[in-house]
Amino acid sequence: MEHYDSIIIGAGHNGLVCAAYLARAGQKVLVLETADKPGGLAASREFHAGFKAPVAHSVNHFPKKIVTDLGLESHGFGTSSESLPTIGLSEEGHHVVLQGGAVTGVEAGDAAAYPDFMKQMQRFADALKPFWLKTIPRAAITNLADMMTFGRIGLKLRMLGKEDMREFMRITALPARDLMDENFDHPILKSVLCWDGLIGSKMAPRSPNHAVLPLLYRMSGDYCGDPGSLIEALHAAASASGAKIRTATAVERILVRTKDGVLAAQGVELANGEKIEADRVVSSADPQTTFFSLAGVESLEIEFTNRIRRLRCDGYVAKLHLALNGLPEFTGLDQVGGRMIIAPHMDAIEFAYDEAKYGECSNEPVMEIVIPSLRDSSLAPQGQHVLSAHVMYAPRRLKGGWDDSKRESFRERAIDAIARYAPGIRGQIIHSELLTPKDLESDFGVTGGHWHHTEFALDQALMMRPTYQAAQYSTPLPGLYLCGAGCHPGGDLNGSPGHNAAHEILR
Ligand SMILES: Cc1cc2nc3c(=O)[nH]c(=O)nc-3n(C[C@H](O)[C@H](O)[C@H](O)COP(=O)(O)OP(=O)(O)OC[C@H]3O[C@@H](n4cnc5c(N)ncnc54)[C@H](O)[C@@H]3O)c2cc1C
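Conventions and cut-offs
- Residues numbered from 1 in each chain as written.
- Predicted model: local features only at pLDDT ≥ 70, side-chain atom pairs only at ≥ 80, totals over all residues.
- Heavy atoms only, no water.
- Helix = DSSP H or I, 4+ residues; strand = E, 2+ residues; numbered from the N terminus.
- Rg over C-alpha atoms; globule rule 2.2 N^0.38 Å.
- Buried < 20%, exposed > 50% of the residue type's maximum accessible area, 1.4 Å probe, protein only.
- Contact = heavy atoms within 4.5 Å.
- Areas by Shrake-Rupley, 256 points an atom, 1.4 Å probe, with all protein chains shown as cover.
- Lys, Arg positive; Asp, Glu negative; His and termini not counted.
- Charge placed at Lys NZ, Arg CZ, Asp CG, Glu CD.
- Near = heavy atom within 4 Å.
- Polar contact = N/O pair within 3.5 Å; in protein donor to acceptor, adjacent residues only side chain to side chain.
- Nonpolar A, V, L, I, M, F, W, Y, C, P; charged D, E, K, R; others polar.
- 1 Å grid on protein atoms, 1.4 Å probe; cavity = no way out; pocket = protein on both sides within 12 Å on 5 of 7 lines; lining within 4 Å.
- Points joined across faces, edges and corners; volume = space filled by probe spheres on them.
- Axes fitted to C-alpha atoms, helices over the stretch in contact; angles between N-to-C directions.
- Parallel < 35°, antiparallel > 145°, perpendicular 65-115°, else oblique.
- Left-handed = near helix turned anticlockwise from the far one by under 90°.

Participant: Explain the overall build of the protein chain residue by residue, including any values.
Facilitator: Helices and strands together make up the secondary structure of the protein chain, namely 15 helices and 19 strands. Computed over its C-alpha atoms, the radius of gyration of the protein chain comes to 22 Å, within 12% of the 23 Å expected for a compact globule of 507 residues. Overall, the C-alpha framework of the protein chain stretches about 70 × 60 × 50 Å when taken along its three principal axes. A buried classification covers 58% of the 507 residues belonging to the protein chain. Within the protein chain, counting contacts between residues at least 6 apart in sequence, those at least 24 apart form 72% of the total. Looking at the protein chain as shown, the accessible area adds up to about 19900 Å², and 50% of this sits on carbon and sulfur atoms. If you average the places of the 50 positive and of the 60 negative side-chain charges in the protein chain, the two averages end up 5 Å apart.

Encoded structure:
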């Protein structure tokens, strides 16, 4: 029987990052992936003949350290330190544009307040930045290294200075709505600035507990890029380091056997019955899939499995793909090359959320749109384009359950919303598809179809992510580690969970 140092379950971007680091350190590594190609939620897939799109449509905050360590640029990852302009769309064409630290389309007061607001948020993001690429120690400190990590966190915050530190503490759990109302007047500017704090979560501007953490996480990366070139580069880097990657190979279960008197993960069994041995198994699947479907509750303490069961994993984001016969035209917009947001005011987001909170799809969905084929011409035939939209809110647990007619009705609502800003778009659609969170769950093997594998909120963050006893990448089952979005720091195309897990394993 084959034997590896580490078997990694899943060739999503975190699995590939982890594999590349472990293989570079000399380990014999095998990555096993259910899908027929690597990438997980970032893999491009054909949704209509000649038209492709990844579910995750942009890389917004990828760490320089991982790019440098793994030589991702030499493997073809095209990085940029400039993010795409963000455009808050207005039906009348009076758009609000955020680019290069300035905002246009708003009154002078907002335009003057914006750079100061962003600079302060950037200082907060910079203070937290070093800790996204670190294991966060358990609350009960047991060694000097952990004490130093906590000490450094405290020092970084203290170094913000008295004023900033007080403000940081004040806004940590403040609803985004209050933060925006304190600083700005323009309704579109306020809703666009909320967006990065809530996209992917079960939250809206009035929810406490969200304004800051996801927003600062998303402000603390170094590079932007496109998912296709990131996945290709990670695949190449992991392979070049010696990791073996087998696609179209689903892991059926983790082999748990007694070793030195205790139960331990010692390999995997594939769907075809093949068994592969390893010193350790590292799972990039979400925590509920890892512990319940792959390891099995019988190997774990009930207190721990109860905590995993209570994780909030229901997704609220649907994905819309349109195959278009040309570039869409948005009223009053010269260029569609940015990230466009449809959320005319914070209440529009809140009302859309209220319906989903009670198990209904939003009647007036809000969304983020990009045209990925502008950056990656391989996604559509020449002269034609792909429109990709994250549409909120579509609850995984829809009242009465999802079926084709409910999916179609929500897809039409989403297209209607876009058509209010791009009136000719219906005439350009060659094909459309909407993936609900339930579809994302079944097609990508992510519990609840959740963007972050499990909710990214204060109570499921840092040394509580995904929960105590599994927050330092090791788990209560010896030989089993986690390395996916369900770990610290969280989801998005960021690679930190994969990086941190590899470092913890090598430590
Ligand atoms: C609708 C939507 C839109 C998003 N848009 C963006 C975006 O624009 N930008 C951004 O930064 N983030 C975005 N995200 C979030 C981002 O896609 C995820 O957080 C990220 O992909 C998680 O990466 P991962 O490697 O941890 O997991 P995944 O990408 O989920 O990869 C896990 C892999 O494990 C494999 N796997 C699972 N079980 C098994 C098994 N038993 N055997 C073998 N393989 C298995 C899966 O097939 C998958 O390939 C979006 C998420 C969603 C749901």
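Moving on, there is more to tell.
Participant: Before we move on, can you summarise the site of the ligand with the specific residues and values?
Facilitator: Around the ligand lies a shell of 32 residues, among which Glu-33, Ser-58, Trp-451, Asp-492 and Leu-493 are the nearest. In the model, an oxygen atom of the ligand is placed 2.8 Å from a nitrogen or oxygen of the Asp-492 main chain. Contributions of two or more residues to the shell around the ligand are made by α1 (13-24) and α14 (437-444). Its residues assigned to classes, the shell around the ligand comprises 15 nonpolar, 15 polar and two charged.

Participant: Just give me the short version of the layout of surface pockets, but keep the residues and values in it.
Facilitator: Counted as a void, the second largest pocket has a volume near 370 Å³. Those elements that provide at least two residues to the lining of the second largest pocket are α4 (144-158) and α15 (496-506). When residues of the lining of the second largest pocket are assigned to their parent elements, the largest contribution, four residues, is made by α15. Its residues placed into classes, the lining of the second largest pocket shows four nonpolar, nine polar and five charged.

Participant: Go over the packing of helix α10 (residues 287-295) against helix α11 (residues 302-309) with me, naming the residues and quoting the values.
Facilitator: Interhelical geometry of α10 versus α11 gives an angle of 135° and a closest axis separation of 9 Å. For the element pair α10 / α11, the angle class is oblique. Read as a crossing pair, α10 and α11 show a hand that is left-handed. Between α10 and α11, the residues in contact are Pro-287, Gln-288, Phe-291 and Phe-292 and Phe-304, Thr-305, Ile-308 and Arg-309, respectively. In terms of residue class, the contact of α10 with α11 is made up of five nonpolar, two polar and one charged.

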